[in-house]
Amino acid sequence: GAVVSQHPSWVICKSGTSVKIECRSLDFQATTMFWYRQFPKQSLMLMATSNEGSKATYEQGVEKDKFLINHASLTLSTLTVTSAHPEDSSFYICSASRTGGENIQYFGAGTRLSVL
Amino acid sequence: GENVEQHPSTLSVQEGDSAVIKCTYSDSASNYFPWYKQELGKRPQLIIDIRSNVGEKKDQRIAVTLNKTAKHFSLHITETQPEDSAVYFCAASLSSGSARQLTFGSGTQLTVLP
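Undergrad: I would appreciate a short explanation of unusual backbone geometry in the present structure.
TA: Peptide bonds are, in most cases, trans, and in most cases residues other than glycine have a negative phi. Residue His 7 of chain A is joined to Pro 8 of chain A through a cis peptide bond whose omega torsion reads -5 degrees. Positionally, Pro 8 of chain A belongs in the loop between β1 (4-7) and β2 (10-13). Of note, the bond from His 7 of chain B into Pro 8 of chain B is cis; its omega dihedral lies within 30 degrees of zero at -5 degrees. Mapped onto the elements, Pro 8 of chain B comes out in the loop between β1 (4-7) and β2 (10-14). Positive phi is not limited to glycine here, since Ser 83 of chain A has a value of about 45 degrees. Mapped onto the secondary structure, Ser 83 of chain A falls in the loop between β8 (76-81) and β9 (90-97).

Undergrad: Teacher, can you tell me more about the pattern of salt bridges here?
TA: Where side chains of opposite charge bring their charged atoms close, a pairing between them can arise. All names here are of chain A. Under the defined criterion, the tally for this structure stands at five salt bridges over all chains. Two residues, Asp 88 and Lys 66, come together in a salt bridge whose shortest N-O distance is 2.9 Å. Taken together, the residues Asp 88 in the loop between β8 and β9 and Lys 66 in the loop between β6 (57-58) and β7 (67-73) connect sequence positions 22 residues apart. Each member of the pair Asp 88 and Lys 66 is classed as buried.

Undergrad: Looking at this structure, I do not really get the confidence of the model for chain B. What am I missing?
TA: Parts of the model with low pLDDT should not have their predicted coordinates read in detail. Model confidence for chain B is summarised by a mean pLDDT of 93, while 96% of its residues fall at 70 or above. When the elements of chain B are averaged for pLDDT, strand β10 (residues 103-104) of chain B gives the smallest value, 92, and strand β3 (residues 19-25) of chain B the largest, 98.

Rules used throughout
- Residues numbered from 1 in each chain as written.
- Chains lettered and ligands numbered in written order.
- Predicted model: local features only at pLDDT ≥ 70, side-chain atom pairs only at ≥ 80, totals over all residues.
- Heavy atoms only, no water.
- Helix = DSSP H or I, 4+ residues; strand = E, 2+ residues; numbered from the N terminus.
- Salt bridge = Lys/Arg side-chain N within 4 Å of Asp/Glu carboxyl O.
- Buried < 20%, exposed > 50% of the residue type's maximum accessible area, 1.4 Å probe, protein only.
- pLDDT = per-residue confidence, 0-100.

Here it is, written out as structure tokens:
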């Protein structure tokens, strides 16, 4: 199968601190990974597209200096929420597509971020 | 860019009945349409997908139909069971052999009443 692991699953932090979320494709290589944000009872909103070895592409309205994305290998992408504030509290989900494969996205289990 | 609309937002059916969820898309170039099921607090899971070269695809109790001319596609669940209760999302994308972003619909909360 295609397994995507995301950690941590839940994090609580103080306002002003930074939080790093990891997304790993465990049994396949993923040139491209995607980061989504999901508010309660709402759809998945794409934040950015992460490409291995290059800069991420951010969606309109997403601050790249606040949501730092690093995709240093074909199996790992990280999202760092810098100087987190209560309004950043949300469910963050990553997905990955197989390199050279069809456009099927496999999702991580998500990270629930609560900023106090 | 692509815009995907999904209806209804909530749907309640009796166990054993059928459920139908409909989506429309705006970009005629889109050619890949997956459906995801998401239980509360969990990851979206792909349940079925269809590409624009076919009009219908079926997998046991789940089927998807696609009308390219009208730019809409639908999810059909037959013989619904309580475990089918979840939020269902449709999505659309341009698939050209490499990863492309998905544009999601707003979701449908399906409740199957025992």
